[in-house]
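What follows is each chain in one-letter form.
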Amino acid sequence: MADLELESRESDDGASVVVRGEVDMATAPQLRDTLLALVDGGANRIALDCRGLDFLDSSGIGVLIAVRKRLGDDGSLTLEAPPAHVRKVLELTGVSEHVTITS
Amino acid sequence: MLLRRRLLLLFVAIVAAVLAVGVLMVVTLRDRDDAQQRERKLSVTVERVAQLMAAHGDQETGERGYVLSNGVETFLNPYEIGRATAGKLTAQLRAALDRPGLRRDLDRVTEAVADWRRDAAAPEIALMRAGNAEGAATRIADGPGKELFDGVRRAQATLAQRVQTEDLRAQRHLDDIRSQLTNLFVAIAAVAIAGAVVAGWLIRRWVTRPIDQLAAEVRRARSGALDSPIQISGPPELASLALDVDAMRGYIRQQLVESERSRQAVEQSAAVVLTLRSELEPVVGDIPDGWTMAGRLRAAEGVVAGDCYDLFATRSGEIALIVVDIAGHGATEGILALRCKEMLRTALTSGASPGEALETTAEILGDMGDEVFLTAFVAAIDTADGTVRFANAGHPPAYIVGDDSVVALEPTGPLVGLLVPGWKTAEATIAPGDNLCAYTDGLIETRNGDNEFFGPERLVELLQGARCSEAQAVVKRGIDEVELFSPDGLRDDATIVVLCRAE
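Just so we're clear, the structure is a prediction, and the values are computed from it rather than from any experiment. (Residues numbered from 1 in each chain as written. Chains lettered and ligands numbered in written order. Predicted model: local features only at pLDDT ≥ 70, side-chain atom pairs only at ≥ 80, totals over all residues.)

### Topic: the overall build of chain A
Argument step 1. Helix and strand content of chain A: three helices and five strands.
Argument step 2. Of the contacts formed within chain A by residues at least 6 apart in sequence, a portion of 69% connects residues at least 24 apart. (Helix = DSSP H or I, 4+ residues; strand = E, 2+ residues; numbered from the N terminus. Contact = placed C-beta atoms within 7 Å.)

Right under this line is the structure:
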């Protein structure tokens, strides 16, 4: 069973979330609920620590797109240090064009 | 009246009856004991009266014997003994006799005896002791002794008769009480049986029959007759229970009606779903010689996949290949996939390049929702020279696998559904003997028991091993290997499409 652990910290106008485990069809709702709650709570800049993110499938991509759309032009979504295969998925799908990826 | 109150009253009535019978029994038994005791005492009294009479007789006989024997002293013994005995018996009788009349009778006897002794026995004995034997004998013959003692006899007879009468009366009284007791036992038995019958009848009427009735109604409802209401006649508690059961019946009936409606709805939508599925299957047109193509879609859940693919001839000598993956599964996604496929197909048939076809489609679809997006691989293959023009919208790369080469057809633009569009059309070539394979992420992201992905490497290896085969065989092998790899089943839709160019 794929598990996902999320640990979020809020700052003035942003939030950072440590993402560990796998984001797939089963766990994507968990990620969605956490991130959208942060957006609704007024967070403008969201940074995801992706060091421990093992897997991201199309459901996860969907969540990232939804969050990116919600944040609008003023906001930013940053993915910190995603593993190579996750980064590749982000690039393949073109999502990398709309989020900030740091190594 | 409440069943509880009815049963309480019944219980109170039973307890009261038992108490009354108990009291009556105790009273009657005590009466019998009293009567028995009195009768025994009177029997003893009768006996004692007889003994008293004998003692008086002994006195008279002894006294006469003494005089007639000319003063032999031993003849006076019975007189003295009888006197003592009589005194003792009289005292006992006085204590035992409980009726004043009888006591008076006894007093008369005592008085008569005293008279006899004073006026007859004592003077005669005195004359004898004084040596006047003749005088004594004459007094016995002519004196008042005989008459006085007859008085004693009469008084005694009266007493004896009265005591005997009393004894008989006591015996009759005892017999009466005994038969009364027997009657009482019979009556108690009869009342107990009648009470049990009445209580049984009442309990049956109040409890058993309503419960049986309710059980029959419930059984009827269980066998499916949910339309007629459940009602019973009986005490309020059971009637209210029946009301509750009836409410439950109503609820079940309502649920049944609703579930029947849902079932019909599902049946109707299942028809839609089946139609959808057949629409999602590709329409393979005429295939030019030297080419084979095949595809297969394994849906993860239900019968509608979020994947779809198409293979068709656009114009003479050109084949179009479309693979679309909508994020998500289900009827809505299936319809979106179908729309998308139709739009791509129309665009390609009217001569648009793969990139243009994607642009047009994305434009028409617009923003499909926050999390709704799709990836697509669209290719147009010139069968004459093997040229492939393709556009890839954020889709996993398709592969052209040759003898010792693997060309990945990487994305030429983002997935469809992001804000920014823009898909280029790129080119590649399928040499004779090469395969083109497009697929969806569900295929390579299938996992085995160790949580390992099937991955693109295994797919490429499989394609290399299947060079120069018929497309149908390659697709079959691909699906077989993936299913073998993941015995627990697929979590996502998996699609594989293969185009083979013969050598």
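After that view of the structure, there is still more to cover.
### Some remarks on the sheet that holds strand β9 (residues 435-439) of chain B
All names here are of chain B.
Argument step 1. Strand order in this open sheet of five strands is β1-β10-β9-β6-β7, and the pairing throughout is antiparallel. The open sheet terminates on both sides in strands that have one partner only, identified here as β1 (291-298) and β7 (406-409). Neighbour to neighbour, the strand axes of the sheet diverge by 15° on average, direction disregarded. (Pairing = 2+ DSSP bridges. Axes fitted to C-alpha atoms, helices over the stretch in contact; angles between N-to-C directions.)

### Let's talk about the sheet that holds strand β5 (residues 387-393) of chain B
Residue and element names in this part refer to chain B.
Argument step 1. Strands sit in the order β2-β3-β4-β5-β8 across an open sheet of five strands; the sheet is antiparallel. The sheet terminates laterally at β2 (307-313) and β8 (426-429), the two strands that pair on one side only. If you compare each strand with its neighbour and ignore which way they point, the axes differ by 15° on average.
Argument step 2. Note: strand β3 (residues 318-326) against strand β4 (residues 374-382), nine bridges, orientation antiparallel. Looking across to β4, one finds that Ile 322 is bridged to Val 378.

### As for the interface of chain A and chain B
Argument step 1. With 14 residues of chain A at the contact, the number on the chain B side is 19 residues.
Argument step 2. Elements with a minimum of two residues in the side of chain A that touches chain B: α2 (58-71) and α3 (84-93) of chain A.
Argument step 3. Sort the elements by how many residues they give to the side of chain A that touches chain B and α2(A) lands first, with seven residues.
Argument step 4. Along the lines of polarity and charge, the residues of the side of chain A that touches chain B split into five nonpolar, six polar and three charged. (Nonpolar A, V, L, I, M, F, W, Y, C, P; charged D, E, K, R; others polar.)

### Quick look at the packing of helix α3 (residues 100-129) of chain B against helix α5 (residues 145-222) of chain B
Residues and elements named next belong to chain B.
Argument step 1. Taken N-terminus to C-terminus, the directions of α3 and α5 make an angle of 160°; their axes are 9 Å apart at the nearest point. Judged on the interaxial angle alone, α5 and α3 are roughly antiparallel. Regarding α3 and α5, the two cross each other, and that crossing is left-handed.
Argument step 2. Among the residues forming the contact of α3 with α5, the class breakdown is 14 nonpolar, five polar and seven charged. (Parallel < 35°, antiparallel > 145°, perpendicular 65-115°, else oblique. Left-handed = near helix turned anticlockwise from the far one by under 90°.)

### What about the nonpolar core?
Argument step 1. In terms of nonpolar packing, the biggest core is built from 95 residues, with B:Leu321, B:Ala376, B:Val378, B:Cys437 and B:Val498 touching the most fellow members.
Argument step 2. Non-local contacts of B:Val378, meaning those with residues more than four positions away in its chain, are made with B:Ile322, B:Leu344, B:Pro354, B:Ala357, B:Leu358, B:Phe390 and B:Ala391. (Core = buried A, V, L, I, M, F, W, Y, C linked by C-beta atoms within 7 Å. Buried ≥ 20, exposed ≤ 12 C-beta atoms within 10 Å, placed from the backbone.)

### Regarding the pairing of β5(B)
All names here are of chain B.
Argument step 1. Here β5 lies mainly inside the structure; five of its seven residues are buried.
Argument step 2. Judged from the seven bridges that link them, β4 and β5 form a sheet pairing that is antiparallel. Bridging across to β5, Val 378 finds its partner in Ala 391.
Argument step 3. Where β4 hands over to β5, the hairpin turn is made up of four residues, of which Gly 386 adopts a positive phi near 80°.

### Focus: the packing of helix α2 (residues 76-96) of chain B against α3(B)
Residue and element names in this part refer to chain B.
Argument step 1. Between α2 and α3, the least distance of the axes is 10 Å, while the angle of their chain directions is 160°. With respect to α3, the axis of α2 lies roughly antiparallel. In the packing of α2 onto α3, the handedness of the crossing is left-handed. Of the residues in α3, those in contact with Ala 86, Thr 90, Leu 93 and Arg 94 of α2 are Arg 103, Leu 106, Thr 110 and Val 113.
Argument step 2. Grouping the constituent residues of the contact of α2 with α3 by class yields four nonpolar, two polar and two charged.

### Brief notes about the confidence of the model for chain A
Argument step 1. Mean pLDDT over chain A: 88, with 98% of residues reaching 70 or higher.
Argument step 2. Here strand β1 (residues 4-10) of chain A is the element of chain A with the lowest mean pLDDT, 87, and strand β4 (residues 76-80) of chain A is the one with the highest, 92. (pLDDT = per-residue confidence, 0-100.)

### A short note on helix α1 (residues 28-40) of chain A
Residues and elements named next belong to chain A.
Argument step 1. The terminal C-alpha atoms of α1 lie 18 Å apart, and with 13 residues this matches the ideal 18 Å at 1.5 Å per residue to within 8%.
Argument step 2. Within α1, the full set of buried residues consists of Ala 28, Leu 31, Arg 32, Leu 35 and Leu 38. Along the axis of α1, the buried positions cluster into a sector of 135°, meaning they face one direction only. What points out from α1, more than 90 degrees from its buried face, is the exposed set Pro 29, Asp 33, Ala 37 and Asp 40.
Argument step 3. On the buried face of α1, the contacting elements are β1, β2 (14-23), β3 (45-56) and α2.
Argument step 4. One or two positions beyond α1, positive phi appears at Gly 42, with a value near 105°. (Expected span 1.5 Å × (residues − 1). Arc of directions from axis to C-beta.)

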